[in-house]
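Secondary and tertiary structure notes
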Amino acid sequence: MLHAVLAAVLLTAPQEPAAAPPSPVVAAQDPIRLEDVVVDARRLEETTEEYVDLVAAPARRRGLARWKEGVCVGVANLDHEIARYLADRVSDVARELGLQAREPDCDPTVLIIATSDSANFTESFVAQRPRLFRVGGAGMDRGGARLRDFIGDDRPIRWWHVSLPVHRDTGERVVRLPGDISGSGAVTGGPSAQQYAPQSRVSAPSRLNDDTEDVLARVFIIVDVDHLNGASLEQLGDYVALVAMAQVDADADTGGFDTILNLFDDPARAPTGLTGWDRAYLEGLYDRRSQTHRVNQRAQVQAVASAIANAYRDGEAEPDDGDRR
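Residues numbered from 1 in each chain as written. Predicted model: local features only at pLDDT ≥ 70, side-chain atom pairs only at ≥ 80, totals over all residues. Heavy atoms only, no water.

By the definition in use, this model includes one disulfide. Two residues share a disulfide in this structure: Cys72 and Cys106, whose sulfurs sit 1.8 Å from each other. Across the disulfide from Cys72 to Cys106, rotation about the S-S bond amounts to roughly 95°, and the bridge is consequently right-handed. Separated by 34 residues along the polypeptide, Cys72 in the loop between strand 1 (70–71) and strand 2 (73–76) and Cys106 in the loop between strand 3 (100–101) and strand 4 (110–115) bring together distant segments of the chain. By relative accessible area, which is 1% here, Cys72 ends up buried. (Disulfide = S-S within 2.5 Å. Helix = DSSP H or I, 4+ residues; strand = E, 2+ residues; numbered from the N terminus. Buried < 20%, exposed > 50% of the residue type's maximum accessible area, 1.4 Å probe, protein only.)

Given below as structure tokens:
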């Protein structure tokens, strides 16, 4: 589906010459590092939950989404070597999380687009293909107000996630899309509300869990190359990889944590790559123990935070100083 989008982007987006990536910079020292809170178990639980609360940005009235099987990364409007680096970096992070990274000729589910005028480009891009951003199914995106924020954003990098509530065992969609109808309304004089709704089977009714989960369907990431403010290619790759793998709140104030999300607040003091917090968050999100099919979003946030803390204690997350590749 997105092959046509990628082709259109290559035709419509302005072509910028690729600049040589600047040298890596020194990692920040002030924000809280994950290993700084492990001494006190309660402090670790509270701090991880605070971090998840700040960073997570699920679709409206839905839980945190993650990729189910794998990703296909497409990069438009960049020099081949830089584009290849970004695609490989996102794919490498996906593999580290147990996902498949498909070959370059696949249909992109993660589309990274470079431009020198992201404001006008984004507005035009969304206007041309609005259904790629607002599909029309309940709980698939963050809504019209957030989409307007996405279009009017002035950040160096902006992103938009589309997720899909599915049955956790069959993978079948459990929300109705525009035009959906099952059966025929000829006998009854017209389609009923039941015919418009997807049919799903509940195997084990529960107040805490249901049979649905939220999976990422596609992510658009738009990079304004004229406003990267000296960020290195390595920093850019890890930043993009994080927002490609998880629904991250662009407005989150993460200055109190050692995370690559602080890159554009002060690039000279930002981490050189994914930090312990970033890796632990991704591993907690993709950990099966986080149970992304929980009904209560608060319980899901707590489960992801608990998975982060458990992974750290077990040595699975292996938090580092931000320099590991």
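Let's shift gears to the packing of helix 3 (residues 80–96) against helix 7 (residues 233–245). Helix 7 packs onto helix 3 with a crossing angle of 45° between their chain directions and a minimal axis gap of 9 Å. Here helix 3 is positioned oblique relative to helix 7, judged by the angle of their axes. For the element pair helix 3 and helix 7, the recorded crossing hand is right-handed. Each of Ile82, Tyr85, Leu86, Arg89, Val90, Val93 and Ala94 in helix 3 lies in contact with helix 7, whose residues at this interface are Leu233, Glu234, Leu236, Gly237, Asp238, Val240, Ala241, Ala244 and Met245. Of the residues that constitute the contact of helix 3 with helix 7, the class distribution is twelve nonpolar, one polar and three charged. (Axes fitted to C-alpha atoms, helices over the stretch in contact; angles between N-to-C directions. Parallel < 35°, antiparallel > 145°, perpendicular 65-115°, else oblique. Left-handed = near helix turned anticlockwise from the far one by under 90°. Contact = heavy atoms within 4.5 Å. Nonpolar A, V, L, I, M, F, W, Y, C, P; charged D, E, K, R; others polar.)

A large share of strand 6 (residues 212–224) lies buried, amounting to twelve of its 13 residues. As judged from the six bridges shared by strand 4 and strand 6, these two strands associate in the parallel manner. Along strand 6, the bridge assignment pairs Ile112 with Ile221. (Pairing = 2+ DSSP bridges.)

The next thing to look at is unusual backbone geometry. The phi angle of most residues is negative, glycine excepted, and most peptide bonds adopt the trans form. In this structure, Arg61 takes a positive phi of about 60° despite not being glycine. Within the secondary structure layout, Arg61 lies in the loop between helix 2 (41–55) and strand 1. Classification of Arg61 as exposed rests on a relative accessible area of 68%. Of note in this structure, Asn77 is not a glycine but carries a positive phi near 75°. Assignment of secondary structure puts Asn77 in the loop between strand 2 and helix 3.

What follows deals with the pattern of salt bridges. In total, this model carries twelve salt bridges according to the counting rule given. Here Arg89 ties to Asp238 by a salt bridge, and the two come within 2.5 Å at their closest N and O atoms. Here Arg89 is found in helix 3, whereas its partner Asp238 is found in helix 7, with 149 residues between them in sequence. Residues Arg142 and Asp249 are paired through a salt bridge, measuring 4.0 Å at the closest nitrogen-oxygen approach. Within this pair, whereas Arg142 is found in the loop between helix 4 (118–128) and helix 5 (144–152), its partner Asp249 is found in the loop between helix 7 and helix 8 (276–286), the two being separated by 107 residues in sequence. Each of the salt bridges in this network shares a partner with another, and the network as a whole consists of Arg146, Asp153, Arg155 and Asp251. (Salt bridge = Lys/Arg side-chain N within 4 Å of Asp/Glu carboxyl O.)

To continue, consider helix 3. Under the 1.5 Å per step criterion, the end-to-end length of helix 3 is 24 Å for 17 residues, consistent within 8% with the ideal 24 Å. Along helix 3, the residues classified as buried are Ile82, Ala83, Leu86, Ala87, Arg89, Val90, Ser91, Val93 and Ala94. The opening residue of helix 3, the one whose side-chain oxygen lies 3.1 Å from the backbone nitrogen of Glu81, is Asp79. Remark: Gly98 follows helix 3 within two positions and exhibits a positive phi of approximately 90°. (Expected span 1.5 Å × (residues − 1). Polar contact = N/O pair within 3.5 Å; in protein donor to acceptor, adjacent residues only side chain to side chain.)

Residues at a pLDDT of 70 or more form 71% of the chain, whose mean pLDDT is 80. Looking over the chain, one finds the lowest element-wise mean pLDDT in helix 6 (residues 193–196), namely 49, and the highest in strand 4, namely 98. (pLDDT = per-residue confidence, 0-100.)

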